[in-house]
Amino acid sequence: NTSNNPTFTQLLNTTRETTLHAYQHQDLPFEHLVDHLNPTRSLNHHPLFQVMLTLNSGSDDVRFAGVDTAPVDVDIAAAKFDLTLHLAEWHGADGAPAGMSGTFEYATDLFDHHTVEAMAGRLLRILEQVVAEPETPIGDIAVLTARERRRLLTDWNDTTRPVPETTLPDLFEAQAARTPDAPAVVFRDTTLTYAELNTRANRLAHHLIHHGAGPERVIAIALPPSTELITAILAITKTGAAYLPADPENPGERLAHMVEGARAMCLITDESTAKAFAGARTPHLVIDNVATGRAVARESGENPRDADRAEPLRPQHPAYVIYTSGSTGRPKGVVVQGSSVTGYLAWCRTVYAGLGGRSVLHSSAAFDLTVTTLFGPLVAGGRIEVSTLADAVAHGFPSFLKVTPTHLELLQSPPDGGSPGTDIVVGGEALLGPRLARWRRGNSGVSVVNEYGPTEATVGCVAHRIGPEEDPPSGPVPIGRPIWNTQVYVLDDRLAPVPPGVAGELYIAGTGLARGYLNRPGLTAERFVACPFGGPGERMYRTGDLVRRCTDGDLEFLGRTDDQVKIRGYRIEPGEVQAVLAGLPGVAQAAVIVREDRPGDPQLVGYIVADDGAALDPADLRRMLGRTLPGYMVPAAVVALEAIPLAPSGKLDGKALPAPDFTTTDRAPLTPNEEILAHLFAEILQLERVGVDDGFFDLGGHSLLATRLISRIRTVLGHEIPIRALFETPTVAGLAQRLGEENREDSLNVVLPLQSRGTRPPLFCVHPASGLSWCYAGLIQHLGPDQPIIGLQARSVASPGRLPHSVAELAADYLQEIRAIQPVGPYCLLGWSFGGVVAHELAIGLQSLGERVALLALLDAYPGRRGPAAPTEEDVLALFTEDFAVKVTGPLDRATILKRAEEDDGQLAQLDQATARGLLDTYVNVAHLEHRHVPGRFQGDVILFTAEREREEAAPVEAIRPHVSGDVIRYPVDAQHTDMTAPGPLRQVAKILTRHLPYGQD
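These numbers were taken from a predicted model, which means no experiment stands behind them.

## Structural notes on the overall build of the protein chain
Consideration 1: On a plain count of helices and strands, the protein chain comes out with 31 helices and 36 strands.
Consideration 2: The proportion of buried residues among the 1002 residues of the protein chain is 48%.
Consideration 3: A separation of at least 24 residues holds for 66% of the contacts in the protein chain among residues at least 6 apart in sequence.
Consideration 4: Element-wise, carbon and sulfur atoms account for 52% of the exposed surface of the protein chain, whose accessible area totals about 47,300 Å².

As structure tokens, this is what we get:
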């Protein structure tokens, strides 16, 4: 009985209405009928179906229970549906079935004769193979003819072109010899000729060679856009080493992770940028240091030769390493060899005539999009202007410009004066024809090339040109056809080529493929696979992008091959977010979709229907989601609805969901800084106004917009604010108070300020066996803004080898750090697992100095509990692999664990190898320290939180009592030991802690 089902009732009513309408207007075209159901539909698509198959059994004697039937001849004058296939049996003279005939009927404004004929041919081939070999698996049936297969695999991939076997330094030095006096680089008031640039790069190259630079080595470079940046990149290539560009705008921790993870032999930087690498162990070469400048100036200005280098430079040596986002959040370094770059540049010099004129370098060298602008002009005799995009265009449109579609939008109005010789290359994102058409108004003389290519395929591997007089398409701009010496394949999940017009995954092969991922053999093997269409040993790169071939061979980008969405580099499954949202208290129904109300800014938005009587605050729901989901998966807004809108089919009607309303507060700015920041917030968020108490992320902000805001603050107010400050104080008022503050604490430092402000005595949280205190960050949202929270971390994590010999030694070290932060008591200490043992020792040490310990809280920690025997190395390593989810089969040893952890790309692989090794060494050392430790006696009460899900007996609790003079106040927590700092258990812990934490110093 479905009569009480509201969805069914809605569908039934719609069907009745439609049926009545059909009887009243039997001569009405079908498209008008479906327009009655959906007035806003596209005329190219039917909402009910687009393809129809009818089958006639060949007999007029068709009977249905209770229905009289009779054959009717129909004269079809026009196609009523987009595509219909009529199949009918035919019989011989004896009346026996003799075969089947078929007819395709199609709308000629959507299908041409060739396309439908190809469909019929493929259907016949399928039927013939099924009849001839009925046991053949469906996936093995050959849909393509030999001719079609040759066209897809060979003809459209016939891109072989001779390219000289040379190196990047050779190309540049040859150009410098041809045009020594021509301008090569322009930055502000400085212009370097080719000869001057070459000499400067040579001197620095010789200096680096003398310090060990050479092929197969990596040199990191972190410099702002300048002549020094280009000089340093050229110098590194001249040594034969690979350059690793690190964007100085990125957080220092991320920069250090990249540089150290790449095992760079040194880092080239300047005085101001070097501050971001204060904790990095990689040697620095500070180029604006006086002593460095003198040393470099004494070097030879002649081109380095193989005799000067540590070993001869060959085209197959790496040219650069560029890091890209990883699916697990850990960036991965793509290693591109020199021959791939020179091959790409050979193609660029032929197709981009504008490279010989004025080009603009406006983006960070850490993006491979800039490789074209960095090297293209320097091997074609052009000049590079280092400038912002807006400033460069304001001084006249350059002859060559490479941008993303987002960059186009940053140009407030399309520049005039584009000449027929101008090239603008667009890449990095999907390009829509209407967006390009709007920009190109008044710029009909500009050629536009849509260039596609992942970092793993050396900048660009597929391109589509739109000529000066050619109009962009009405939809997506094709990404085009493969460039020189590149092959592209559109394959199904069985690695078989699909016909033109059919979607498949894009695979790339050819000379432009990268070597792989730096120090990531497992990930390299997963993405760079054997090519079944090439010669022995040839590889192809699996892009994960969904494309289709047009009939002319061009490729069209369709999206991703999986069901996930990609928002600002993160892959997100909306269904996962929706499930969490629907599970929150008081939520009856939920939906999560991706919206793009601001062009180019896709965002997750959640919609909920509340239970009867439930009063839900969308802001509270977002905060609750943040306790379970990572920040990038929390919807930008949650919208409360009376009902989730459904389409007639009963599915979610996404078009009927309203846009979120990012409302603002009314409190006006009180200071000039607040006034300016309020305007900057509104500018970046595209809102009319913003109040000083409004949170940036509550108004729809995200990490990408955050970087833009930080950049605008730097430009307008002249203040350098770390992006962490915006995450910690996301309101106008809060950020105004922090203007000018430096906040660059390293996440591996011994002292980790999780929340440094507040009037209460700090809560010092001691690390568990891992040596890190990041796990306590969840306390911030529960203990309130007035409670400082300071993490204490093992020195041996950041500095492997500095291992303490006892718990007492470790506690003495931390005692000095605590006293430097808080000279007098009362002191508050918290420790989880091994951290509780150290906290207990710290409390005894503070009391021995006459200080008062107001709180000693242990999270499932038991000072005094000892096993009968010391743990073996293998036992400890087994626990480590369990805690860090490292899958190792066979005998356990440290080297195997570290190697396997990196290959798995799991939790431990988020860190560079040195840090991972420090974690492992710390973990093993901690196990031995805890076993050998004989605790003293703490004078006072202890708060003990016990993990009840695995507590079998009270013996561990009793082990504490001899080491405590007062009571052991026990609070059970519904968790396992390893989950004590997970969001749910930590919420229980924080609730109890608020009762015991002192409100102020005595």
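Next comes the rest of the write-up.
## Notes on the pairing of strand S32 (residues 789-792)
Consideration 1: Covered by surrounding structure in S32 are Ile789 and Gly791 together with Ile790 and Leu792, the residues of both alternating faces.
Consideration 2: Pairing of strand S30 (residues 751-755) with S32, which is carried by four bridges, proceeds in the antiparallel orientation. Among the inter-strand pairings, Val751 is bridged to a residue of S32, identified as Leu792.

## Describing the pattern of salt bridges
Close approach of charged atoms allows side chains of opposite charge to pair.
Consideration 1: Enumeration according to the criterion identifies 21 salt bridges in this entry.
Consideration 2: Here Glu173 ties to Arg305 by a salt bridge, and the two come within 3.3 Å at their closest N and O atoms. Taken as a pair, Glu173 in helix H5 (residues 168-178) and Arg305 in the loop between helix H10 (290-297) and strand S10 (318-324) lie far apart in primary sequence, 132 residues in all.
Consideration 3: By relative accessible area, Arg305 is classed as partly exposed at 43%.
Consideration 4: Look at the salt bridges and you will find they share partners, linking Arg122, Arg125 and Glu148 into a network.

## Description of the packing of aromatic side chains
Consideration 1: Tallied over the entire structure, the rule returns 12 aromatic pairs.
Consideration 2: Aromatic pair Tyr243 and Phe375: ring centres 6.3 Å apart, planes at 45°, arrangement tilted. On the criterion of sequence distance, the pair formed by Tyr243 in strand S7 (residues 242-245) and Phe375 in helix H12 (residues 371-380) is long-range, its members being 132 residues apart. An identical accessibility class is assigned to Tyr243 and Phe375; each is buried.
Consideration 3: Through pairs of rings, three or more aromatic residues link up here, namely Tyr344, Trp347, Tyr352 and Phe400.

## Describing the pairing of strand S20 (residues 504-510)
Consideration 1: Extensive coverage of S20 is indicated by the burial of six of its seven residues.
Consideration 2: Note: strand S19 (residues 486-491) against S20, six bridges, orientation antiparallel. If you follow Thr486 over to S20, its bridge partner there is Gly510.
Consideration 3: Examined bridge by bridge, S20 and strand S23 (residues 539-549) share five bridges and lie antiparallel to one another. Bridge pairing links Ile508 to Tyr541 in S23.

## Quick notes on the sheet that holds strand S33 (residues 827-832)
Consideration 1: Taken together, seven strands build an open sheet; the order of strands is S30-S32-S31-S33-S34-S35-S36 and the sheet is mixed. Of all strands in the sheet, those with a lone pairing partner are S30 and strand S36 (968-973), marking the two edges. Strand-to-strand, the axes of this sheet are offset by a mean angle of 20°, without reference to chain direction.
Consideration 2: Relative to S36, strand S35 (residues 942-947) is paired through six bridges, and the arrangement is parallel. Each residue of the ladder has a partner; that of Val942, found in S36, is Val968.
Consideration 3: Seen against the sheet, helix H26 (residues 834-848) touches strand S31 (763-766), S32, S33 and strand S34 (853-859) and runs at an angle of roughly 155° to S33.

## As for the packing of H5 against helix H6 (residues 194-210)
Packed helix pairs are characterised by how far apart their axes lie and by the angle those axes make with each other.
Consideration 1: Remark: H5 packs on H6, axes separated minimally by 8 Å, with the N-to-C direction vectors making an angle of 140°. Considering their axes alone, H5 and H6 lie oblique with respect to each other. Like other packed secondary-structure pairs, H5 and H6 cross with a definite hand, here left-handed. Note on element contacts: H6 touches H5 through Tyr194, Leu197, Asn198 and Asn202, opposite Phe172, Glu173, Gln175 and Ala176.
Consideration 2: Taken together, the residues of the contact of H5 with H6 sort by class into four nonpolar, three polar and one charged.

## Some thoughts on H6
Consideration 1: Between its first and last C-alpha atoms H6 spans 24 Å; for 17 residues at 1.5 Å apiece the expected length is 24 Å, and the two agree.
Consideration 2: Listed as buried for H6 are Tyr194, Leu197, Asn198, Ala201, Asn202, Leu204, Ala205, His206, His207, Leu208 and Ile209.
Consideration 3: Downstream of H6 by a residue or two, Gly212 has a phi angle that is positive, lying close to 105°.

## Concerning unusual backbone geometry
Consideration 1: Of the consecutive residues Gly825 and Pro826, the connecting peptide bond is found in the cis state with omega at 5°.
Consideration 2: Position of Pro826 relative to the elements: it lies in the loop between helix H25 (807-821) and S33.
Consideration 3: Positive phi outside glycine occurs at Arg263, with the angle close to 55°.
Consideration 4: Tracing the backbone through its elements, the reader meets Arg263 in the loop between helix H8 (252-261) and strand S8 (266-269).
Consideration 5: Of note in this structure, Asp860 is not a glycine but carries a positive phi near 45°.
Consideration 6: One can find Asp860 in the loop between S34 and helix H27 (873-883).
Consideration 7: The class of Asp860 is buried, set by a relative accessible area of 4%.

## Things to note about the side chain of Thr167
Consideration 1: Within the secondary structure layout, Thr167 lies in the loop between helix H4 (146-153) and H5.
Consideration 2: Within polar-contact distance, the side chain of Thr167 engages the side chain of Asp170 at 3.1 Å.

## Digging into the side chain of Glu299
Consideration 1: Assignment of secondary structure puts Glu299 in the loop between H10 and S10.
Consideration 2: As a buried residue without a salt bridge, Glu299 has its nearest oppositely charged side chain in Arg298, at a separation of 7.2 Å.
Consideration 3: Setting aside residues up to four positions removed in sequence, Glu299 forms contacts with Arg203, His206, His207 and His210.

## Quick look at the environment of Glu216
Consideration 1: Position of Glu216 relative to the elements: it lies in the loop between H6 and strand S6 (218-222).
Consideration 2: Classification of Glu216 as partly exposed rests on a relative accessible area of 42%.
Consideration 3: Glu216 sits 102 residues away from Pro318 along the chain, and the two C-alpha atoms are 6.4 Å apart.
Consideration 4: Ignoring sequence-local partners within four residues, the contact set of Glu216 consists of Gly240, His317, Pro318 and Arg515.
Consideration 5: Separated by 3.0 Å, the side chains of Glu216 and Arg515 make a polar contact.

## Here we look at the confidence of the model for the protein chain
Predicted coordinates in regions of low pLDDT should not be interpreted in detail.
Consideration 1: Scored by pLDDT, the protein chain has a mean of 81; 80% of the residues are at 70 or more.
Consideration 2: Long-range and interchain partners of residues 31-48, a stretch whose pLDDT sits below 50, account for 25 contacts in this model, where long-range means more than four residues apart.
Consideration 3: This stretch, residues 412-420, has a pLDDT under 50; its non-local contacts, to residues over four places away or in other chains, come to 19 contacts.

## So, the environment of Asp912
Consideration 1: As for its placement among the helices and strands, Asp912 is situated in the loop between helix H28 (894-904) and helix H29 (913-932).
Consideration 2: Between the alpha carbons of Asp912 and Val259 there is a distance of 9.1 Å; along the sequence they are 653 residues apart.
Consideration 3: Beyond its immediate chain neighbours, meaning those up to four positions away, Asp912 contacts His257, Glu260, Gly261 and Arg281.

## Digging into the environment of Gly791
Consideration 1: As for its placement among the helices and strands, Gly791 is situated in strand S32.
Consideration 2: Considered as a pair, Gly791 and Cys775 are 16 residues apart in the sequence and their alpha carbons are 9.2 Å apart.
Consideration 3: Not counting residues within four places of it along the chain, the set of residues in contact with Gly791 comprises Val750, Val751, Leu752, Cys765 and Ser773.

## So, the packing of H25 against H26
Consideration 1: Running from N to C, H25 and H26 cross one another at 65°; their axes reach a closest spacing of 9 Å. With respect to H26, the axis of H25 lies roughly perpendicular. By crossing handedness, the relation of H25 to H26 is classed as right-handed. Counting all contacts with H25, which are made through Val807, Ala808, Leu810, Ala811, Tyr814, Leu815, Ile818 and Arg819, the residues of H26 involved are Phe834, Val837, Val838, Glu841, Leu842, Gly845 and Leu846.
Consideration 2: Across the contact of H25 with H26, the residue classes tally to 12 nonpolar, one polar and two charged.

## Here we look at H27
Consideration 1: By the burial criterion, the buried members of H27 are Val876, Leu877, Phe880 and Thr881. All buried residues of H27 fall inside an arc of 140° around its axis, so they share one side.

Definitions and cut-offs
- Residues numbered from 1 in each chain as written.
- Predicted model: local features only at pLDDT ≥ 70, side-chain atom pairs only at ≥ 80, totals over all residues.
- Heavy atoms only, no water.
- Helix = DSSP H or I, 4+ residues; strand = E, 2+ residues; numbered from the N terminus.
- Buried < 20%, exposed > 50% of the residue type's maximum accessible area, 1.4 Å probe, protein only.
- Contact = heavy atoms within 4.5 Å.
- Areas by Shrake-Rupley, 256 points an atom, 1.4 Å probe, with all protein chains shown as cover.
- Pairing = 2+ DSSP bridges.
- Salt bridge = Lys/Arg side-chain N within 4 Å of Asp/Glu carboxyl O.
- Phe/Tyr/Trp six-rings, centres within 6.5 Å; stacked < 30°, edge-to-face > 60°.
- Axes fitted to C-alpha atoms, helices over the stretch in contact; angles between N-to-C directions.
- Parallel < 35°, antiparallel > 145°, perpendicular 65-115°, else oblique.
- Left-handed = near helix turned anticlockwise from the far one by under 90°.
- Nonpolar A, V, L, I, M, F, W, Y, C, P; charged D, E, K, R; others polar.
- Expected span 1.5 Å × (residues − 1).
- Polar contact = N/O pair within 3.5 Å; in protein donor to acceptor, adjacent residues only side chain to side chain.
- Lys, Arg positive; Asp, Glu negative; His and termini not counted.
- pLDDT = per-residue confidence, 0-100.
- Arc of directions from axis to C-beta.

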